[in-house]
Amino acid sequence: MASSLREKQIASLRRMINLNAATGSTSVGSDTTFSVLIYDKHGQDIISPLLSVKELREMGVTLHLLLHSERGEVPDVPAIYFCQPTEENLIRIGQDFNDGLYSSYYLNFISPISRQKMEDLALAALQAGCQASIKKVYDQYVNFISLEEDMFTLKHQGSEALSYYAVNRGDVKDSDIDLIMDSIVDSLFSVFVNLGQVPIIRCQRGNAAESVGERLDKKLRENLRDTRNSFFTGLGTDTFAAGQLRPLLVLVDRNVDLATPLHHTWTYQALTHDVLNLSLNRITLVEQDQAHPTARSKTKEYDLNDADNFWATHKGSAFPDVAAAVEAELEEYKKAESHIKGLKADLPGDDAIDLLSDNTAKLTSAITSLPELIKKKTEIDKHMSIAMALLNSIKSRKLDVFFETEEKIMGRATLERPLLEIIKDPDCGSPQDKMRIFLIMYLCAANMTDAEFNEYATALVEADANTKALLYLKRWKSLMKMTAGGGMSEYTGGVAKTVSMFSKLMNQGSALVVEGVNFVLKENKLPLTRIVDHLMELKNSEEEKEYRYFDPKLLRPGDTSGAVPRTRTPFQEAVVMVVGGGNYMEYGNLVSYAKKKSGTSNKRIIYGCTDVVNPEQFLDQLTKLGGEIS
């Protein structure tokens, strides 16, 4: 049985494409049903990181089209619809009924369709006279996007509707907040339907996370009470659901830590997201031929997922380690290539036919290994291109300086070079880089005088930075001090050091050469990781007391505001959900924490967020919020 959340979602999609019958072999054969797949933009985002075009074809999908695109008639082929049950989508489906585009319709809704909308759909089918062609209507409960085995997000296209800006903007209405909260709850309910477990919920008080916690508790409780239609009865056990222990759901508001989303990072996946805008496990690179600088540049798209062995192994590694690994892989490939070329020279002449059989085994082995070798070469070329693009950005923007300085700020260490000097250095970073590092300093500083703040603000204006974000964070920090008395969560852990890195990280010809890089990356335990640690291990801390406790399985919930956890056994599984945007730094930090804990117990953590934002996108949201303050 599929064990991870991602595998479960893939199984649901395969079953849907198989016309909701049990999934069998995916190869095209005599019993394969050929079909047309029609999806909306959200459906496209869900499928994109999970199933390739090749895999869809193997399952018999001959065409895959957007619902709101121009589509022609395709007779004698079933049409599989995969979309949200929105008014706009249902009107378009009704139009398809009227136009008689397909001979049979299998309607699959990402989240449940309401009774009223179901009746409207039935009326549209009756008016078009195609009710006999509608074979099945399904609620799929897959309203989330799986990016990794242990990471999901709720939205990609249209993610601004669930963003930090959407929740915190000045003119937001209660009705807008209700829609956002209900959308998040709907997606989280889908996550736990797929996991087949009812979580114990812990949520931060006094913010959006608390509202999500209350609503999700109510929704789970109502579903459990409806024994005939409950999703959580009679489910088989698997790796997540096995045993008596239930998963913990930790709901956290983005406001608990605004510094990490702005941080310059150093791990491969997070750096790719920051610099190259990794999106739905895909990046677009513009490559210029160095030998012919006047020639037109080429645009290439690369998929980065666990099917790529190098990515799966090194995505959480520090960038210099990745550069060294690319170089090592290239050397290994060259040796294998030389070995195959050497076989030709070793072949005997016409006068030694009897020796030919001795070389047959070698040649057979070489031919068998060729496809694997070609795949490896493609992988190496891809990561060489990505590493070169990252290295060029690191050099031109001096990202190592920002990374090291920010690590020291977060680790409360003494700065070797004053921050004001970095901001005033015209050769050091972009205006956005300078704004990001100052905001981290401001968020992490216990106190900063108005004179100091104004001096930094003036320097940032002179560096061409948009300083509107300062207005928002100044007001935000004063509010935090009034309500919580503390502001930002504390950072703990060591400080990373880069020792004369760029005299060692050099671009020579077409190869990345890494010579004796003295690189230490001490794992900072980010605020989110520390919160998860406290709640999973049931540590008796002030922080733990700040989180409300909900157990949807309790018949009488009682006073959940002061509820004390009934179990005193540390949790082995957790789903961590950040309301207001997440990032790959927090994901990587939680993965490292779970690995470290696996020595004593088999911890498993799934990281989720309303949307995945890189630092520049998050800075843009803060700038928009600042722009609303007159």
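Everything numeric in this text was worked out from a predicted model, so none of it was measured.

Asks: Quick question: what am I supposed to make of the sheet that holds strand S5 (residues 134–139) here?
Replies: Reading across the sheet, the 5 strands line up as S2-S1-S3-S4-S5 and stay open at both edges, with parallel pairing between neighbours. Only two strands of the sheet have a single partner each, and these edge strands are strand S2 (61–66) and S5. Each adjacent strand pair in this sheet contributes to an overall mean axis angle of 20°, direction not counted. In this structure, strand S4 (residues 102–109) lies alongside S5, joined through 5 bridges in parallel fashion. Pairing of Phe109 across the sheet is with Asp139, part of S5. Across the sheet, helix H1 (residues 5–17) touches strand S1 (35–39), S2, strand S3 (74–83) and S4, and the angle it forms with S3 is around 155°. Contacts between helix H4 (residues 87–99) and the sheet are confined to S3, S4 and S5, with S4 contributing the most and set at about 165° to the helix.

Asks: Just to check I follow, could you spell out the nonpolar core for this structure?
Replies: A general tendency of soluble globular proteins is for nonpolar side chains to be buried together. By size, the foremost hydrophobic cluster in this structure holds 81 residues, and its most contacted members are Leu37, Leu51, Phe82 and Ile386. The element best represented in this core is helix H12 (residues 356–397), accounting for 10 residues. Residues from two domains meet in this core; each of domain 1 (5–142) and domain 2 (146–256 + 526–629) gives at least three. Excluding residues within four positions of it along the chain, Ile386 makes contact with Tyr268, Thr272, Leu276, Ile283, Leu285, Tyr302 and Leu304. With 39 residues, the next largest nonpolar core counts Ile422, Phe438, Leu470 and Val613 among its residues.

Asks: How should I be thinking about the pattern of salt bridges in this particular structure?
Replies: When charged atoms on two side chains of opposite charge get close, those side chains can pair. On inspection of all chains with the given rule, the structure shows 35 salt bridges. Linking Arg215 and Asp178 is a salt bridge whose minimum nitrogen-to-oxygen distance equals 2.6 Å. Note that Arg215 is positioned in helix H8 (residues 208–225) and Asp178 in helix H7 (residues 174–195), a separation of 37 residues in sequence. Of the charged contacts, one joins Lys525 and Asp533 as a salt bridge, the two residues approaching to 3.6 Å between their closest N and O atoms. Through salt bridges that share partners, Asp274, Arg397, Asp433, Arg436 and Glu616 make up one connected network.

Analysis parameters
- Residues numbered from 1 in each chain as written.
- Predicted model: local features only at pLDDT ≥ 70, side-chain atom pairs only at ≥ 80, totals over all residues.
- Heavy atoms only, no water.
- Pairing = 2+ DSSP bridges.
- Helix = DSSP H or I, 4+ residues; strand = E, 2+ residues; numbered from the N terminus.
- Axes fitted to C-alpha atoms, helices over the stretch in contact; angles between N-to-C directions.
- Contact = heavy atoms within 4.5 Å.
- Core = buried A, V, L, I, M, F, W, Y, C linked by side-chain atoms within 4.5 Å.
- Buried < 20%, exposed > 50% of the residue type's maximum accessible area, 1.4 Å probe, protein only.
- Domains from an automatic or database assignment.
- Salt bridge = Lys/Arg side-chain N within 4 Å of Asp/Glu carboxyl O.

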